[in-house]
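Below are the chains, spelled out letter by letter.
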Amino acid sequence: SARRNPIQALADRWHDRLPRLSARKDILHYGFGRTSGIARALMAGLSLTIYGLFLNQLSFMQHGGSQGMANMALTFATIIPAYGAALLMMQRLPRMAQELLRPATRSEYLDGLLLALAKQTGWLWLAMQVGLLAMAFATNAFPDENLLSLAVPYLLISLAAQIPAFGMSLWLARKGSMRQIALGFCGVAIFQMAAIGAWWSSHEEWWGPLVAGLAIALLLALGMKTIAWTRHAWQQLELG
């Protein structure tokens, strides 16, 4: 049948790969949406850029609101990737009992899902950062300071913050409740932005790099613990 739109064309092309896949870990990437994780990430990054350009055209943004727009876009780029993982896992929850009937152990199945979601979250985070950069270029929202000295620590802290947020988001998804995910992720988002804020408040001082390094180390350590805790919780969850 004729393909009606570009999204359907992408979905058809992605699903045409299924007969050629033999590794279970590759097959588990399917079932989270109509298109691949990379395609969804590209659309999210493009949407962030378009959203920023739209806000930039509003009169109140052109007269003193550009900093607020930049902060809003940075917040979106930081919190959306891990939040998206929770929504994808929650949507898959009703089908898990049936999928566990396939020839794989529970550990192999859940680890495969976590790995697939981690990759999709990574692609989404990268696309959101590219979208944030494109929006900053288009709206001339760059700070007066050296861009590289700000971008590198921000990207490292933001990426490290995805790890505990990823683990916590999947823990929240276990109950299959959109309300619980939304409420719980408010705390996760505050934690993520607090880590970036701690660095930003000290980045002009000589100890700024120390604060950034400490924040990254703590986020990585907490992230590994959170993911291990969440993995155990999913292993013990009754799936039907």
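Structural data are supplied above this passage.
Described in the following lines is the structure provided in the data block. None of these values were measured; they are calculated from a predicted model.

### Focus on the pattern of salt bridges
Part 1 of the argument: Tallying each qualifying case throughout the model produces three salt bridges.
Part 2 of the argument: The closest approach of N and O atoms between Arg92 and Glu99, which form a salt bridge, is 3.2 Å.
Part 3 of the argument: The class of Glu99 is buried, set by a relative accessible area of 9%.
Part 4 of the argument: A salt bridge links Arg95 to Glu99; the nearest nitrogen and oxygen atoms lie 3.9 Å apart.
Part 5 of the argument: By relative accessible area, Arg95 is classed as partly exposed at 33%.
Part 6 of the argument: Within the structure, one salt-bridge network assembled from shared partners comprises Arg92, Arg95 and Glu99.

### Digging into the packing of aromatic side chains
Where two aromatic rings form a pair, the distance of their centres and the angle of their planes describe that pair.
Part 1 of the argument: Following the criterion strictly, the structure yields three aromatic pairs and no others.
Part 2 of the argument: Taking 5.7 Å as the distance between ring centres and 65 degrees as the angle between the ring planes, the aromatic pair formed by Trp199 and Trp200 counts as edge-to-face.
Part 3 of the argument: Owing to a relative accessible area of 42%, Trp200 belongs among the partly exposed residues under this scheme.

### Examining a nonpolar patch on the surface
Part 1 of the argument: Judged by side-chain polarity, Ile38, Leu42, Trp123, Leu126 and Val130 come together as a nonpolar surface patch covering roughly 480 Å² of accessible area.
Part 2 of the argument: Contributing elements (two or more residues each) for the nonpolar patch: α3 (37–56) and α7 (106–139).
Part 3 of the argument: A per-element tally of the nonpolar patch places α7 first, with three residues.
Part 4 of the argument: Looking at the element boundaries, Leu126 is found in helix α7.
Part 5 of the argument: Since its relative accessible area comes to 40%, Leu126 is described here as partly exposed.

### Here's the deal with the nonpolar core
Part 1 of the argument: Counting residues in hydrophobic clusters, the biggest one holds 29 residues, and the most contacted among them are Met89, Met96, Leu170 and Trp234.
Part 2 of the argument: Contributions of two or more residues to this core are made by α5 (66–92), α7, α8 (147–172) and α9 (178–202).
Part 3 of the argument: Ranked by residue count, the leading element in this core is α5, at seven residues.

### Looking at α8
Every α-helix winds through 3.6 residues per turn, so residues three or four apart in the chain are directed the same way.
Part 1 of the argument: Look at α8: 36 Å from first C-alpha to last across 26 residues, which is about the 38 Å you get at 1.5 Å a residue.
Part 2 of the argument: At Pro164, α8 shows its largest bend, some 25 degrees.

### Digging into the environment of Gln120
Part 1 of the argument: Within the secondary structure, Gln120 sits in helix α7.
Part 2 of the argument: Note: C-alpha distance between Gln120 and Gly37 (83 residues apart in sequence) is 5.1 Å.
Part 3 of the argument: Ignoring sequence-local partners within four residues, the contact set of Gln120 consists of His29, Phe32, Gly37, Arg40 and Leu88.

### Some details on the side chain of Ser202
Part 1 of the argument: Inspection of the secondary structure puts Ser202 in helix α9.
Part 2 of the argument: Judged by relative accessible area, which is 5%, Ser202 ranks as buried.
Part 3 of the argument: In this structure the side chain of Ser202 is engaged in a polar contact, spanning 3.2 Å, whose partner is the backbone oxygen of Ala198.
Part 4 of the argument: Among residues more than four places away in sequence, those in contact with Ser202 are Trp207, Gly208 and Val211.

### Quick look at the side chain of Gln235
Part 1 of the argument: Within the secondary structure, Gln235 is located in helix α10 (residues 208–236).
Part 2 of the argument: Apart from residues no more than four positions distant in its own chain, Gln235 is found in contact with Arg106, Ser107 and Leu110.

### So, the environment of Met90
Part 1 of the argument: Within the secondary structure, Met90 is located in helix α5.
Part 2 of the argument: Each C-alpha atom of the pair Met90 and Met178 lies 8.1 Å from the other, and the pair is 88 residues apart in sequence.
Part 3 of the argument: Beyond its immediate stretch of four places on either side in the chain, Met90 contacts Ala173, Gly176, Ser177, Met178 and Ile181.

The rules we used
Counting restarts for each chain, with residues numbered from 1 along the sequence as it is written. Owing to the predicted nature of the model, reporting of local features is limited to residues with pLDDT of at least 70; listing and counting of side-chain atom pairs is limited to 80 or more, with chain, interface and lining totals taken over all residues. Side-chain numbers here rest on the full set of heavy atoms in the structure, without hydrogens or water. Note on definitions: salt bridges are taken to be side-chain nitrogens of Lys or Arg within 4 Å of carboxyl oxygens of Asp or Glu. For the exposure calls, accessible area comes from a 1.4 Å probe over protein chains only, and a residue counts as buried if that area is under 20% of its type's maximum, exposed if over 50%, partly exposed in between. Aromatic rings from Phe, Tyr and Trp, taking only the six-membered ring of Trp, are treated as a pair when their centres fall within 6.5 Å; an angle between ring planes under 30 degrees marks them as stacked, one over 60 as edge-to-face, and anything in between as tilted. For patches, a residue must show more than 30% relative accessible area and have no salt bridge; joins then use 9 Å for like charges and 5 Å for nonpolar side chains, namely Val, Leu, Ile, Met, Phe, Trp and Tyr. In this description, accessible areas are obtained by the Shrake-Rupley approach with a 1.4 Å probe, and a residue is regarded as covered only by the protein chains that are shown. Think of it this way: any DSSP run of H or I at least four residues long counts as a helix, any run of E at least two long counts as a strand, and we number them from the N terminus. Side-chain atoms within 4.5 Å link the members of a nonpolar core, which is a set of buried Ala, Val, Leu, Ile, Met, Phe, Trp, Tyr and Cys residues. Each helix should span, by expectation, one fewer than its residue count multiplied by 1.5 Å. Think of it this way: the bend at a residue is just the angle between two axes, each fitted to seven residues, one set ending at that residue and the other starting at it. In what follows, a contact means two residues having at least one pair of non-hydrogen atoms within 4.5 Å. Pairs of N or O atoms are called polar contacts if they sit within 3.5 Å, as long as, within protein, a hydrogen donor faces a hydrogen acceptor (for residues adjacent in sequence, only side-chain-to-side-chain pairs).

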